Amino acid sequence: MQQIIVDIAISPDEWIKFYQGVASDVHTTSRDGRSVRFPARILSRFYFSDGVRGSFRILFDDSGKFSSIERL
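Residues numbered from 1 in each chain as written. Predicted model: local features only at pLDDT ≥ 70, side-chain atom pairs only at ≥ 80, totals over all residues. Heavy atoms only, no water.

Colleague: I tried to follow the packing of aromatic side chains on my own but got confused; where do I start?
Modeller: Both the distance between ring centres and the angle between the ring planes are used here to describe each pair of aromatic rings. Tallied over the full model, the rule gives three aromatic pairs. The rings of W15, F18 and Y47 are connected pair by pair, giving a single aromatic cluster. (Phe/Tyr/Trp six-rings, centres within 6.5 Å; stacked < 30°, edge-to-face > 60°.)

Here is the structure:
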């Protein structure tokens, strides 16, 4: 199992774009410098009134398929 760690700060105004379907993917840089793109829907359980904020570990299998995400 492979993993990446990302620091995310998505405001409520930005999140509404995902909710409305205007945007579907989050683009960010992992802590080790890799460019990362993943579906915003995997962050939906971490959305609160101030948006999505925090550090997250994303686990994926050897073929690059998403497995799980957890807040650090």
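Still to come is the rest of the account.
Colleague: I'm lost on the pairing of strand β4 (residues 52-60) in this one. Help?
Modeller: Every regular strand shows the same layout, with side chains that alternate between the two sheet faces. Across nine bridges, strand β1 (residues 2-10) lies against β4 in antiparallel orientation. Considered in β4, the bridge of A9 is made with R53. Across five bridges, the pairing between β4 and strand β5 (residues 66-71) is antiparallel. Bridge pairing in β5 links F56 to R71. Counting the residues in the hairpin turn of β4 and β5 gives five residues, including G64, whose phi is positive at 90°. (Pairing = 2+ DSSP bridges. Helix = DSSP H or I, 4+ residues; strand = E, 2+ residues; numbered from the N terminus.)

Colleague: Could you clarify how one ought to interpret the environment of A23 in this entry?
Modeller: Counting through the fold element by element, A23 comes out in the loop between α1 (12-20) and β2 (25-29). Apart from residues lying up to four places away in sequence, A23 is in contact with K17 and F18. (Contact = heavy atoms within 4.5 Å.)

Colleague: Any chance you could explain the sheet that holds β1 here in plain terms?
Modeller: To summarise the sheet geometry, strands pair through backbone hydrogen bonds and adopt either a parallel or an antiparallel arrangement. Ordered in space as β1-β4-β5, the three strands form an open sheet in which the pairing is antiparallel. With partners counted over all chains shown, the strands left at the sheet margins are β1 and β5, one partner each. Strand-to-strand twist of the sheet, defined as the mean angle between neighbouring strand axes without regard to direction, takes the value 25°. In this fold α1 packs onto β1 and β4, with an angle of close to 120° to the strand it touches most, β1. (Axes fitted to C-alpha atoms, helices over the stretch in contact; angles between N-to-C directions.)

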